[in-house]
Amino acid sequence: MTALLEVQEVSKSFGGIHANQNISIEVRQGEIVGLIGPNGSGKTTLFNSIVGYHPIDAGSVRFEGEEISKLQVSQIARLGMLRTFQQTRIYSKLTCVQNMLISLPHRNESIFDILRRFPPEATERAEELLEFVGLYQKRHLMAGSLSFGQQKLLEFAMALMNEPKMLLLDEPTAGINPTLINGLLERLERANSDLGITLLVIEHNMRVVMNLAQRIYCLAHGQLLAEGLPEDVRNDQRVVDAYLGAS
Amino acid sequence: MSEATTPLWRRRGLLEGAILLVALFAPFVVPAYTTQLAMLWIMVVIAQSWNVMGGQMGYNSFGNVIFFGVGMYTTAVLQVGLFMNVSDYNAAQGAAALQLTSFEYFLGLGLGLLAAAVMALIVAAIMGSGLLRLRGHYFAIGTLGLGIAFAEIFAGWEWVGAGSGMVTPLFPGGLGSREIFFYYAAFIAAALTFLMLRRFYAGRFGLALNAIRDDEDKAEAMGVHTTRYKTVAWCISAIFTGIAGGIVGNLVGFIDARDVAFSGITFGIWMILMTILGGKGTLWGPVLGAVVFHITQELFWTYLLGWQRVAMGLLIVIIVVFFPLGILGWARERYPEFFGHRVEGGEAAANEGRGE
Amino acid sequence: MLDNLEILIVAPQFAVQLLIAGVLIGAIFALAAYGMALVWGVMNIINVVQGEFVILGGFIALTAVQVGLNPFLGIPVAFAVLFLIGYAIYKTIIFRIVDRDLFTSLLATFGLSILLQQLMNEIFGANVRVLETGLGTWFILDRSVTISQIMVVAFVIAVLIAVLVTLFMRYSRMGQAIRATAQNARAARILGIDTDKVYATTYALNAGICGAAGSLVVMALTIHPFQGLAYTVRSFTIVVVAGLGNLPGVIAAAFGLGAAEQFAGFILGAEYQLAFVFLLLVFILVWRSILLGRQRKALR
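Residues numbered from 1 in each chain as written. Chains lettered and ligands numbered in written order. Predicted model: local features only at pLDDT ≥ 70, side-chain atom pairs only at ≥ 80, totals over all residues. Heavy atoms only, no water.

Draft legend 1. Spotlight on the environment of L82 of chain A. Residue and element names in this part refer to chain A. Among the secondary structure elements, L82 is positioned in strand β6 (residues 81–83). Exposure remark for L82: the relative accessible area of 1% places this residue in the buried category. For L82 and L185, which are 103 residues apart along the polypeptide, the C-alpha to C-alpha distance reads 18 Å. (Helix = DSSP H or I, 4+ residues; strand = E, 2+ residues; numbered from the N terminus. Buried < 20%, exposed > 50% of the residue type's maximum accessible area, 1.4 Å probe, protein only.)

Rendered as structure tokens:
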């Protein structure tokens, strides 16, 4: 399996805070990789570094073999790597269907496409995906009026609509009713197995990440602490200590 | 399968047909008000154009009046320049210096308006490359500053008449024919703007603009070509505003850089106000806002003369503070079904946000 | 234009003169800029009517002189009157927009700006006005550089006012309450600070500072009902360059702007001086945005 995403020795500081120090991780095509670590360990910062939200101080980020650390956010998105947000971001004054339509892939859009309408297939696909996440009934409601959990599902559906090669999910189950988590997990796995989307997932919920991920990286204090198979990482004393705050 | 309910009031284009009828015959029914009615259609054009930027895209430009002035000057300069040296014309300070035949006049006007559109587009593209990087209030004040800079620069530019202004060529026709001609020109501009914008909003352009408005970072993160859309939006906004400017220059007969062409405290702020008054981000909002605003303004002029500008300032404050949603916004909250919205369990649904 | 530039190179005493005049006038700009930063930092409102407060202060000072007061007494009078006006405007309009988005406050204060502008036009007339103080000029450097005495006096008074305001902000209870609210309004409220009163005082104080600045402007320069926006833009430019809460930065930027304006007026011609002020703002905004862009961040 080829490495889809290669992060090598990436460092990022904010003022005096070293949020990421020499982090190297790798995600191969078709994998589901988990990223765990206590609060403040630099997980979201790493995401931001990867997708171009801010420049990195040192290191390299390669996607499909190409260096992307100097590209703009929208360029990286068009290459096929998307991210979802911890606080969940959707277009609040548009309906769910409209949110989906504008999430169609833009990589082949030329300047002449700007003034065109959406083809009917787009609406069909949007409704299919909304059905997939269970939001079909609410498809004509304003996205801003959905509950937090529903917005998370919408954000996920929008990401799928964009036909990404890789999806970086920032705490996808946070704030979701525990009874609905299994449903979301199932959809994540199907996105990976049926649609072939590679996943890198930040998660705090241990049960979720242990079940979902094939490999796990653990960050602590801005550094890479451990990596490996879920059972190995879970039993790693250093990881336990980091979470319990002993170190 | 998605359902669509046509909003009650839009069945079979009744409204549009009624407006068309009224508009076509107005100059003959109330000939004394032809100029004011022409200005009304101009207001409709500039309000709709501003709405593309401020209402649909969330980029509140305080400087769209730049395109108005650029269009005005470009048209006039071409109208004169085709037949005579522009500096000489302005030095002579009078349309008497230039006698045009009907053919020459209308040729110049036609080419002039075309040039106005092109020039406005170019200016928008150039300005956009710098200013569209700015967000929110920085964009607003940046455009405000630029608008005034244009006014000051043109007011000092000898070639276009500097402080004395520029007179547009004499209309070849009898008394009153100028007003009637430009009334229809303004109406056609308004109708064209409306139809084209309605078409644009129905496609991905409208959604992209709204996405940028709702969350530009998210749009970028989803791969939307935000820079491209923003620039195209500003160019479209500029083109129609520029044409409006070209028409006004000829309708009024005299171009003054600070008071007419690049006047931020009149046309510049009015286009923002009318859109807010009618309802930002809707299709009909600017149209409605322009009508209400213009009528109010004419009433102020008639009854408050002298203090009408003061009243205008007060009106701005009142509208912004107390009616930020505008007429359509308020109506949509109050009577959602009338607008084709479905309300589900207390949550308002947008059935067809594009179509209004 | 190039001729004027040549003059500066060949006869540097003109450059010195422009520089001095710029710094002296810059002190007045600094006052207005500080006030704007205050309102922006405390209430998150960009006060577009700032310039009109300045001009109005000038007219109040003029009126005070017309009823027989000494011109320099016009300064505290202008401060007081504008303080009251600012307070009144807060209580009627501003308090309604404090919690709204920045665009609303921009547009509302712009509306106020037009309102005040036109009111002044109706009440005071559309002429350029000046307050004669009878002060002359100093000649230095072998009589080659002239310095207007009233400008120096205005400079000194501006510094004095700035010092007074700074002392107030640091040592008075209200001043501390204002600073606390600027840092964290919710925490301030929990601690028992009446934020509405803080906002009212801040806005009124800003108006008063502008009024005082205006009384200096009418003595050292000129005023006209439509000149307000230029002062607003100058203040905004200075605040953007210096950043909120950076008083030394505001002063430095104000001096810089004052000097830059003088040079621009000399080189480009007086009729383009205003255009320069506005274009400079745009230039600075875009420049900053490009710099931030190199860091792949958007200007928020």
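Once you've had a look at it, read on.
Draft legend 2. Just the interface of chain A and chain B, in detail. Facing 43 residues of chain A, the contacting portion of chain B comprises 37 residues. Counting the surface lost from both chain A and chain B, the interface buries some 3,700 Å², and carbon and sulfur atoms represent 56% of this. Contact with chain B buries surface across chain A, with Y91, I114 and L115 of chain A losing the most and accounting together for 18% of the total. Our count for the contact surface shared by chain A and chain B stands at five salt bridges. The shortest N-O distance in the salt bridge between K218 of chain B and E155 of chain A comes to 3.3 Å. Between chain A and chain B we count twelve residue pairs in polar contact (both at pLDDT 80 or more) in total. Looking at the side of chain A that touches chain B, the elements that each hand over two or more residues are α2 (73–79), β6, α3 (96–101) and α5 (148–161) of chain A. Sorting elements by how many residues they give to the side of chain A that touches chain B places α2 of chain A first, with four residues. Taken together, the residues of the side of chain A that touches chain B sort by class into 20 nonpolar, eleven polar and twelve charged. (Contact = heavy atoms within 4.5 Å. Buried area = accessible area lost by both parts, 1.4 Å probe. Salt bridge = Lys/Arg side-chain N within 4 Å of Asp/Glu carboxyl O. Polar contact = N/O pair within 3.5 Å; in protein donor to acceptor, adjacent residues only side chain to side chain. Nonpolar A, V, L, I, M, F, W, Y, C, P; charged D, E, K, R; others polar.)

Draft legend 3. Representation of the side chain of K218 of chain B in the model. As for its placement among the helices and strands, K218 of chain B is situated in helix α8 (residues 204–221). When neighbours within four sequence positions are excluded, K218 of chain B is seen to be in contact with R83, F85, R89, Y91, E155 and M158 of chain A.

Draft legend 4. Region of the structure containing the environment of I55 of chain C. Residue and element names in this part refer to chain C. Of note, I55 is situated in helix α3 (residues 50–66). Sequence separation between I55 and Q117 is 62 residues, and the spatial gap between their C-alpha atoms is 8.9 Å. Leaving out residues up to four positions away in the same chain, I55 has contacts with M120, I223, H224, P225, Q227, G228 and Y231.

Draft legend 5. Local environment of unusual backbone geometry. Residues and elements named next belong to chain A. Positive phi outside glycine occurs at N22, with the angle close to 50°. The residue N22 is located in strand β2 (residues 17–28) in this model. Overall, N22 belongs to the partly exposed group, its relative accessible area being 47%. At E171, a position not held by glycine, the phi torsion is positive, near 50°. Its place among the elements puts E171 in the loop between β7 (166–170) and α6 (178–194). Residue E171 is classed as buried on the basis of its relative accessible area, which comes to 9%.

Draft legend 6. View of the side chain of D256 of chain B. All names here are of chain B. Mapped onto the fold, D256 is located in the loop between β2 (254–255) and α10 (257–261). This buried residue, D256, is left without a salt bridge; R258 holds the nearest opposite charge, at 6.2 Å. Here R258 takes part through its backbone nitrogen, which lies 3.0 Å from a polar atom of the side chain of D256. When sequence neighbours within four positions are dropped, the list of residues in contact with D256 reads Y73, G163 and A261. (Lys, Arg positive; Asp, Glu negative; His and termini not counted.)

Draft legend 7. Examining α5 of chain A more closely. Between its first and last C-alpha, α5 of chain A extends 20 Å over 14 residues, near the 20 Å set by a 1.5 Å rise per residue. Where burial is concerned, most of α5 of chain A is hidden: twelve out of the 14 residues are buried. Looking at the buried positions of α5 of chain A, the neighbouring elements they touch are β6, α3, α4 (120–133), β7 and α6 of chain A together with α8 of chain B. A positive backbone phi angle near 50° is found at E163 of chain A, which sits one or two residues after α5 of chain A. (Expected span 1.5 Å × (residues − 1).)

Draft legend 8. Summary view of the sheet that holds β7 of chain A. Residues and elements named next belong to chain A. Read from one edge to the other, the open sheet built from six strands follows the order β6-β7-β8-β3-β9-β10, with strand pairing classed as mixed. A strand with exactly one partner marks an edge of an open sheet, and here the two such strands are β6 and β10 (223–228). Going across the sheet, the axis of each strand differs from the next one's by a mean of 15°, ignoring polarity. Pairing of strand β9 (residues 215–220) with β10, which is carried by five bridges, proceeds in the antiparallel orientation. The partner of L219 across the bridge, within β10, is L224. Along the sheet, helix α9 (residues 237–244) contacts β3 (32–36), β9 and β10; its crossing angle with β10, the most-contacted strand, is approximately 135°. (Pairing = 2+ DSSP bridges. Axes fitted to C-alpha atoms, helices over the stretch in contact; angles between N-to-C directions.)

Draft legend 9. Representation of the interface of chain B and chain C in the model. Contacts between the two partners involve 41 residues from chain B, matched on the other side by 40 residues from chain C. Summed over both partners, the interface of chain B with chain C buries about 3,700 Å², with 80% contributed by carbon and sulfur atoms. Three residues, H137, Y138 and I141 of chain B, lead the burial of chain B against chain C; their summed loss comes to 17% of the area buried on that side. Applying the counting rule to chain B against chain C returns three residue pairs in polar contact (both at pLDDT 80 or more).

Draft legend 10. Structural context of the packing of aromatic side chains. Here the structure, examined in full by the defined rule, presents 36 aromatic pairs over all chains. Ring geometry for F205 of chain B and Y229 of chain B: centres 6.5 Å apart, planes at 35°, overall tilted. Placement of F205 of chain B in helix α8 and of Y229 of chain B in helix α9 (residues 226–252) is noted, with a sequence separation of 24 residues between them. Residue classification places F205 of chain B among the buried positions, given a relative accessible area of 0%. Judged by relative accessible area, which is 0%, Y229 of chain B ranks as buried. Arranged with centres 6.0 Å apart and planes meeting at 80°, the rings of F53 of chain C and Y203 of chain C form a pair that is edge-to-face. With F53 of chain C in helix α3 and Y203 of chain C in helix α9 (residues 195–220), this residue pair connects regions lying 150 residues apart in the sequence. Owing to a relative accessible area of 0%, F53 of chain C belongs among the buried residues under this scheme. Residue classification places Y203 of chain C among the buried residues on the basis of a relative accessible area of 0%. Among the aromatic side chains, those forming a connected cluster through ring pairs are Y73, F150, F154, W157, W159 and F262 of chain B. Its end group placed over the ring of Y231 of chain C, R234 of chain C keeps NZ or CZ at 4.8 Å from the ring centre. (Phe/Tyr/Trp six-rings, centres within 6.5 Å; stacked < 30°, edge-to-face > 60°. Lys NZ or Arg CZ within 6 Å of the ring centre and 35° of its normal.)

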